Amino acid sequence: MCRPVNAELDALKGALDRQREHIVGILEGLSEEDLRRPVLPSGWSCLALLRHLTLDVERFWFPGVIAGEPDVAGQLTAGAEAHWYVPEGISAEEVFADYRAAIARADAVLAAAAPEQEPAAWPVEIWPTWRLPDVRHILIHVLTEVACHSGHLDAVRELIDGTTWLGGNPYAG
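A brief look at the structure comes next. Since this is a predicted model, take the numbers as computed values, not measurements. (Residues numbered from 1 in each chain as written. Predicted model: local features only at pLDDT ≥ 70, side-chain atom pairs only at ≥ 80, totals over all residues. Heavy atoms only, no water.)

Another point: the pattern of salt bridges. Opposite charge on two side chains allows them to pair when their charged atoms are near. Considering all chains together, one arrives at eleven salt bridges under this definition. For K13, the salt bridge goes to D17, with nearest N and O atoms at 2.6 Å. You can see K13 and its partner D17 sitting in helix α1 (residues 7-27), four residues apart, about one turn around the helix. Note on D17: relative accessible area 22%, which makes it partly exposed. (Salt bridge = Lys/Arg side-chain N within 4 Å of Asp/Glu carboxyl O. Helix = DSSP H or I, 4+ residues; strand = E, 2+ residues; numbered from the N terminus. Buried < 20%, exposed > 50% of the residue type's maximum accessible area, 1.4 Å probe, protein only.)

So, about helix α6 (residues 135-161). Helix length check: α6, at 27 residues, gives a terminal C-alpha distance of 38 Å against a target of 39 Å (1.5 Å per residue), a fit within 8%. In the segment just after α6, G162 is the residue with positive phi, at about 85°. (Expected span 1.5 Å × (residues − 1).)

Following the sequence through the fold, L153 ends up in helix α6. Once the C-alpha coordinates of L153 and I26 are considered, the two residues, 127 residues apart in sequence, prove to be 6.9 Å apart. Beyond its immediate sequence surroundings of up to four residues, L153 is in contact with I23, I26, L27, W44, C46 and L49. (Contact = heavy atoms within 4.5 Å.)

Here the focus is the packing of helix α3 (residues 46-66) against α6. Orientation of α3 relative to α6, taken along the N-to-C sense of each, is 175°, at an axis distance of 11 Å. It follows from the interaxial angle that α3 and α6 lie roughly antiparallel. Contacts between α3 and α6 involve C46, L49, H52, L53, V57, W61, F62, V65 and I66 from the former and V135, I138, L139, H141, V142, E145, V146, H149, H152, L153, V156 and I160 from the latter. Within the contact of α3 with α6, the residues separate by chemical class into 16 nonpolar, four polar and one charged. (Axes fitted to C-alpha atoms, helices over the stretch in contact; angles between N-to-C directions. Parallel < 35°, antiparallel > 145°, perpendicular 65-115°, else oblique. Nonpolar A, V, L, I, M, F, W, Y, C, P; charged D, E, K, R; others polar.)

This next bit is on the environment of D34. With respect to the helices, strands and loops of the structure, D34 is situated in helix α2 (residues 32-36). Exposure remark for D34: the relative accessible area of 19% places this residue in the buried category. On a C-alpha basis, the gap between D34 and I160 in space is 7.4 Å, while along the polypeptide they are 126 residues apart.

This is the structure we're talking about:
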């Protein structure tokens, strides 16, 4: 089912898409070694952050919470700490492919959603007293989280090799 054009969701999704592009763009050109190397004292790597965005953001919030796919919501409670690490044997290419696939699935969920639509599922075991009421608030939450993490990746990339993200004029059409 395809929703009618909604300027509000389209604007929010457009901003999210630009942050998603920023995430991938700031990582372009890094070697597999640099993508896996922890740079900050907390110990996460660029690839681990990308995995977190795949599992705990794109898959969790869109198919899991908005669409209510039962296996997705359960994965966060089953050990989100593990989502900040890339298991042995998974290549950087696979992590990027998983991220892109999760975005495509998230976009399909959003294409059928309305701003005022309530989430189909909510992880009360994680947040018993906090709840986002609708798709609009979920999308704002996700946009904020992805933008925050793109800033983390900006700082880490600059520490790795001095590269900064200059994405052009954000006001250009």
